[in-house]
Amino acid sequence: MIGTVHPGPSNGREPRGAQVHVTGLVQGVGFRPFVHRLAIEQRLAGWVRNESGSVEIHLEGEESSIDAFVGALRHRAPVLARIDTLQVHSVQPRGLRTFEVRTSAAGEGRLPVSPDVAMCDACERELRDPSNRRYRYPFITCTDCGPRFTVIDAMPYDRERTSMRAFPQCADCQAEYTTPGDRRYHSETNSCPTCGPRIWFEWSGVTAASVVDPDDDALEAAATVLRSGGIVAVRGLGGFHLAVDATNEAGVSRLRARKGREAKPLAVMVRTVDEARRFAQVSSDEAVLLRCAARPIVLLSTGWLRGSDGRDRALLAPSVAPGLRHVGVMLAYTPLHHLLLDAAARPLVMTSGNLTDEPIATGLAEARDRLGGIADGFLMHDREIVARYDDSVARVVDGAPVLLRRARGYAPMPLDLPITSPIPLLAVGPHLKNTFALVHGARVYLSQHIGDLESLETVEHFTAALDRFQALFRVRPRAVVHDLHPGYLSTRLAQESGLDVIGAVQHHHAHIAAVMSEHGRTGPVIGVAFDGTGYGVDGAVWGAEVLLADLAGFVRLAHVRYAPLPGGDAAARAPWRTALGYASQLSGCADAFRLAFAGVDRDARRIAEQQLVRQVNAPLASSMGRLFDAAAAVLGVARDSRYEGEAAMRLEALAGGREGVVLPYLIVRQPDGSCELDVLPLLVELGQRAQRGMDVGTLAASFHDTIVQATVELVRHTREVTAVRAVALGGGCFQNARLLSGVRRLLVENGYQVLVPRVLSPNDGAVSVGQAAVGAALLGGMTTMAVASGATTLARGG
């Protein structure tokens, strides 16, 4: 308990009392020190303390001072704080003469947990000030910055409930911690070189005798390895990074080979926006996103530098993002990263510390075991990591950010659903890019990015993260919702959870429900869901759907023409297979697809053709992702994909800023009143033009522009069966900036209200929130408005 004496009312007036109850993001953000300073400023007595679901404040003093305090509480709150509710009640004054920061009280409430926050400017100045006692200290923090989610064991947020409890504060740090007005007053991660965590360097696969100490020597040892093209595993906030010189092609290639990451783009870390501008184009909006407290990886268009021979050449190694015109860039967000970049004096690849498809490594022994075959050395520290935490990824589209992966800096901030669940609820999310969501009332606690549920390690990560969320937010679900796909591992986890299974949510309905929830809508909306694959209510593969949807149900209004996928899931890794499926539907013009099969193994093609003829392992698919794959194959751009979405990403890169033309397509009215987009004329035209030697980049642009035009026309056709003018865009294909921007702009020009994902990702990372919203609607007895909105002749889905 910390108290400050103040003189109390000086004008003889009778003091008043008030109790203030504040909820929101008000722990771990310097809120109690702010309240203390504000109370002293207003000459008020009383106390402040954290409770498990709120901050409680007791005030005594003049009525005008209490009013001024309450007004300032909301308008001058710390930059990282978010006040959701603020309630004030009159109470009897007790004659208090001091204002105290009291010990936190445990309870049953639920409070948001702050994400980890990048080092603030004030701490960076200290890091670089030789006269400061924290000069070059790798763990500088204050109430405005530093780790939060990755060190918190339990709420309320106090040092003894974090991994910092292992480091008792020295006298100097304790004085800062207990001094009102100090920037580190009640900073729970406060430490210094005398009392805090330490770093060291160790060589891979050798004994502790090879450990390099102290801190500066460890940094220089790591930097020496990096400058020579070696790989260093760096322990960060939520796990290990694998670092290598981003300008060293041999080093980057070696990292790819050891990590098993053949071609998927790698992220690059630099210290400043100016450093990023050496190899990438950075708009003002992108600069803001790069510098924000979340410090996400931001996709930037690559720029070029003039070499000494007068030729244009990229500063970054070609293997950083092969075949693409964008590179993921993030600014250093911890003091350790800043110091390492200073020592290495070059941009560094910073990719997740794991083998491909495994979770990021967090523990020291775990990292030595799992990363010892990849890294040449380790830059270690001894502050324990409580939660795995990948880097977030974002890009700017039409001047606004679009999240591609929601993790560090954003999770686990809760969201509010537009509907209240009558009981606590768990949504287990999708199979790929998995997240889960816990619902209590109208509040949804969305997990950080978990990953693809394709390994035992990732399932263990899912289970551990879920256990932690349930404990941290005190939500014990009584029911569970899952994806409609019976074969998803997340479906099995739900069915084996012991909870009441209240429904299977169609994948694309969940995508649209997530967008609706983000915008506070219950529907109905016209939902455009474009992605790779999702299990349809007819048993086919869906992925290019126009739905009339609300939270309780949907009607399928339009879709892309079905095409068989020879080899099933193998088609996602081999675009030529998807092209072959479309070609099998052509009575003529099959030669237009010739480029798609150049160099394809004859036996593999023969087997695929037999699958089509016999209709064995050749499921029908209406998928925008697979259509992009087919177009890339027909143009000769990509016949195989080395990672998910590679063909589509290369197609977007080729299109760049080129102008395209709208190519032929057909919209066919189906017997049930729905519409089908027939893309065979489009694919044939692409192939024929490519074979005539037309510029492939222009054809890629034309493909994008044709899909944009056709999408808006499909939406326009739905106006015949519904009066709805709100359109929600969801699904992983809307990570494509040209597609998202084009569809949104043209819809707005045609008078539609367009809902675009902003807080959530367009991709499968948002599916759990959509499932949660649908589950809450079903539990609450909501009746779907979709059929009542005019689409009575269409087959209903749910």
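See the structure shown above.
What you see is a predicted model, and the numbers here were worked out from it, not measured in a lab.

J.: When you look at the overall build of the protein in this model, what are you seeing that I'm missing?
T.: The number of helices and strands found in the protein is 21 helices and 35 strands. Its C-alpha atoms give the protein a radius of gyration of 28 Å, near enough to 28 Å, the size a compact globule of 798 residues would have. Projected onto its principal axes, the C-alpha positions of the protein cover 95 × 65 × 50 Å. Across the 798 residues of the protein, 61% fall into the buried class. Restricting the contact set of the protein to residue pairs at least 6 apart, pairs at least 24 apart contribute 72%. Where the 84 positive side-chain charges of the protein centre and where its 85 negative ones centre are 2 Å apart.

J.: In this structure, what is going on with the sheet that holds strand 24 (residues 479–483)? I would like to understand it.
T.: The strands making up a sheet associate through hydrogen bonds between their backbones, and the pairing can be parallel or antiparallel. Reading across the sheet, the six strands line up as 20-23-22-21-24-25 and stay open at both edges, with mixed pairing between neighbours. The sheet is open, and its two borders are formed by strand 20 (415–416) and strand 25 (500–505), each paired with just one other strand. Pairing between strand 20 and strand 23 (residues 443–446): two bridges, direction antiparallel. Residue Asp-416 lies in a different strand from strand 23, and its bridge partner there is Arg-443.

J.: Hey, could you run me through helix 13 (residues 507–518) in this one?
T.: Structurally, the α-helix is built with 3.6 residues per turn, so residues lying three or four positions apart point the same way. Compared with an ideal rise of 1.5 Å per residue, which puts twelve residues at 16 Å, helix 13 spans 17 Å between its outermost C-alpha atoms and is within 8% of the ideal. By the criterion of burial, helix 13 is predominantly enclosed, with twelve of the twelve residues buried. Among all positions in helix 13, only His-507, His-508, His-509, Ala-510, His-511, Ile-512, Ala-513, Ala-514, Val-515, Met-516, Ser-517 and Glu-518 are buried. Taking the backbone nitrogen of His-508 as reference, a side-chain oxygen 2.8 Å away marks Gln-506 as the first, capping residue of helix 13. Following helix 13 by one or two positions, Gly-520 has its phi on the positive side, about 70°.

J.: Before we go on, may I ask you to explain the pattern of salt bridges in this structure?
T.: Any two side chains of opposite charge can pair, given that their charged atoms come close. With the rule as written, the count across this model stands at 46 salt bridges. The partner of Arg-161 in a salt bridge is Asp-158, and the shortest N-O contact between them spans 2.7 Å. Assessed through its relative accessible area of 6%, Asp-158 is described here as buried. In this structure, the salt-bridge partner of Asp-705 is Arg-738, at a minimum N-O distance of 3.1 Å. Of this pair, Asp-705 sits in helix 19 (residues 696–718) while Arg-738 sits in helix 20 (residues 737–749), and the two are 33 residues apart along the sequence. Where salt bridges share partners, they join Glu-124, Arg-128, Arg-271, Glu-275 and Asp-342 into one cluster.

J.: Mind showing me how you'd approach the packing of helix 18 (residues 680–691) against helix 19 here?
T.: A pair of packed helices is captured by two measures, namely the crossing angle of their axes and the spacing between those axes. Close contact between helix 18 and helix 19 brings their axes to 11 Å; oriented N to C, the two are set at 165°. Of the possible angle classes, the one that applies to helix 18 and helix 19 is roughly antiparallel. Classified by chirality, the crossing of helix 19 by helix 18 is right-handed. Seen from helix 18, the contacting residues are Leu-682, Leu-686, Arg-689 and Ala-690; seen from helix 19, they are Leu-699, Phe-703, Thr-706 and Ile-707. Here the residues of the contact of helix 18 with helix 19 are counted per class, giving six nonpolar, one polar and one charged.

Thresholds, definitions, all that
Residues numbered from 1 in each chain as written. Predicted model: local features only at pLDDT ≥ 70, side-chain atom pairs only at ≥ 80, totals over all residues. Heavy atoms only, no water. Helix = DSSP H or I, 4+ residues; strand = E, 2+ residues; numbered from the N terminus. Rg over C-alpha atoms; globule rule 2.2 N^0.38 Å. Buried < 20%, exposed > 50% of the residue type's maximum accessible area, 1.4 Å probe, protein only. Contact = heavy atoms within 4.5 Å. Lys, Arg positive; Asp, Glu negative; His and termini not counted. Charge placed at Lys NZ, Arg CZ, Asp CG, Glu CD. Pairing = 2+ DSSP bridges. Expected span 1.5 Å × (residues − 1). Polar contact = N/O pair within 3.5 Å; in protein donor to acceptor, adjacent residues only side chain to side chain. Salt bridge = Lys/Arg side-chain N within 4 Å of Asp/Glu carboxyl O. Axes fitted to C-alpha atoms, helices over the stretch in contact; angles between N-to-C directions. Parallel < 35°, antiparallel > 145°, perpendicular 65-115°, else oblique. Left-handed = near helix turned anticlockwise from the far one by under 90°. Nonpolar A, V, L, I, M, F, W, Y, C, P; charged D, E, K, R; others polar.

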